[in-house]
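Spelled out from the first residue to the last, the chains are:
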Number of protein chains: 2
Amino acid sequence: MSPRKSVAEAMGTRAAILDRSVAVASKEGLEGLTIGRLAAELGMSKSGVLGHFGSKEALQLAALGRAGEVFRAEVWEPVVAVAPGLPRLRALCAAWVSYLERQVFPGGCFFVAAAHEFDGRPGAVRDAVESLFDAWRARLLKEIGRAVAAGELPESTDQAGLAFELTGLAMALNHAIQLHRDPEAAACARRAFAARLGDPAKAGGDHP
Amino acid sequence: MSPRKSVAEAMGTRAAILDRSVAVASKEGLEGLTIGRLAAELGMSKSGVLGHFGSKEALQLAALGRAGEVFRAEVWEPVVAVAPGLPRLRALCAAWVSYLERQVFPGGCFFVAAAHEFDGRPGAVRDAVESLFDAWRARLLKEIGRAVAAGELPESTDQAGLAFELTGLAMALNHAIQLHRDPEAAACARRAFAARLGDPAKAGGDHP
DNA sequence: CCTACCGATCGGTAGG
DNA sequence: CCTACCGATCGGTAGG
């Protein structure tokens, strides 16, 4: 309606733009996220959209940041009540599988898609994607380290190797869901995580 | 030079377009592969490029087919001399890691990138990508089945689950190379494959 | 295989 | 936050 909006209204508009950006980019990629399309979907002008960010790259970075907030809320935060070490590591992986299974981002894991799109293009977006993955890897390694220190995982555990394997399982799951639409993929992934971290629902130790 | 070329010359031109297309698409994606850019790099006109394929989608499909030929030559074919079953499965995985490590496609695994780019977009390209993955999965499962039948892997092996895990390791390796430029990633992946399939260089059985 | 062209859309700016 | 506009580029076609 009015061309000048209050700060609160502008913040709301900005948040609406970002939420839509994350949804579109998860399906079409951060490059397929065009200002014109976004403006049309939001019933705004292109310059109205762009005015909040300044450039397409700034919009991409803001969308990436918003997606990171969603991931933290979906995967990092639900486990804070779980005991540190192996129980929390298992909870983290369970939340990770659930995040992929529920397709929190309609086009699948936002970050894996962004990594593939930008890994060959130097720039701020690529750097931001890499930082998000570094932070997640550090989160996994922290809990793996605690589990080893507590004797819940063998002293001989290759900690970086374990983080590598867990990441691979999540990537294979995302792929099976998005490309193959395989409804059994999540169950398959849960079995694989359980084989690697021990299955609390089964008797026996944490390693097969 | 001459506007009309012989069939052999036209085939050579077509092959040159495809090789360039595969290289560009592995870095920029199949959608970032634009007719204009391709034409400029090849010193041709846009219509000269497009005339060989008819449409951008047909060019994308042809590039995907060419990439599939390269993958088969790099990963499927080198193992034909290895004994079927577990030895050949190990050789297949070794060739797979080597293909990723050597960056046969300059932008990383062509198919994983294409899968992420097209998994949310119905169409012929998406279907072709899915078929390529189905064929590769079937190739892995065939050799896993032989290894189980020969008693080289336990009778209780979850064969689909094993193929899922191996795929995940390859994806994690591709990601570590392309996004993180991690020079130790290939060694990490080889350890993980060996832990799963047994390491012929070490004493002991094939399962830890 | 070329030139010349089409309408559509891209990111972004000027000015209000 | 808008209208009106910019040059560049997109996939594709006509005609040769």
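In this text, all values refer to a predicted model and were calculated from it rather than measured experimentally.

(A) Up close: the confidence of the model for chain A. Averaged over all residues, the pLDDT of chain A equals 92, while 93% of them reach at least 70. In this model residues 202–208 of chain A is a low-confidence stretch, pLDDT under 50, and it forms eleven contacts with partners more than four residues away in sequence or in other chains.

(B) Quick look at the pattern of salt bridges. One pass over the structure, following the stated rule, counts 30 salt bridges over all chains. Arg66(A) is paired through a salt bridge with Glu69(A); the nearest N and O atoms lie 3.0 Å apart. Here the residue Arg66(A) and the residue Glu69(A) both occupy positions in helix H4 (residues 56–76), the gap between them amounting to three residues, near one helical turn. Classification of Glu69(A) by relative accessible area gives partly exposed; the value is 49%. Arg37(B) serves as the salt-bridge partner of Glu41(B), at 2.8 Å between the closest nitrogen and oxygen. Separated by four residues within a single helix, Glu41(B) and Arg37(B) lie in helix H2 (residues 35–42), roughly one turn from each other. We classify Arg37(B) as partly exposed; its relative accessible area is 33%. Residues joined in a network through salt bridges with shared partners are Arg20(A), Glu28(A), Arg37(A), Glu41(A), Glu31(B), Lys56(B) and Arg121(B).

(C) Quick look at the protein's contact with DNA strand D. Taken together, the neighbourhood of DNA strand D is formed by 17 residues, with Ser45(A), Ser47(A), His52(A), Thr34(B) and Lys56(B) sitting nearest. Backbone atoms, meaning sugar and phosphate, make up 54% of the atoms of DNA strand D lying within 4 Å of the protein. Within the backbone of Ile35(B), a nitrogen or oxygen atom sits 3.1 Å from a phosphate oxygen of DNA strand D. Every element with two or more residues in the surface near DNA strand D is listed here: helix H3 (46–50) of chain A together with H2 and helix H3 (46–50) of chain B.

Reading guide: rules and limits
Residues numbered from 1 in each chain as written. Chains lettered and ligands numbered in written order. Predicted model: local features only at pLDDT ≥ 70, side-chain atom pairs only at ≥ 80, totals over all residues. Heavy atoms only, no water. pLDDT = per-residue confidence, 0-100. Contact = heavy atoms within 4.5 Å. Salt bridge = Lys/Arg side-chain N within 4 Å of Asp/Glu carboxyl O. Helix = DSSP H or I, 4+ residues; strand = E, 2+ residues; numbered from the N terminus. Buried < 20%, exposed > 50% of the residue type's maximum accessible area, 1.4 Å probe, protein only. Near = heavy atom within 4 Å. Polar contact = N/O pair within 3.5 Å; in protein donor to acceptor, adjacent residues only side chain to side chain.

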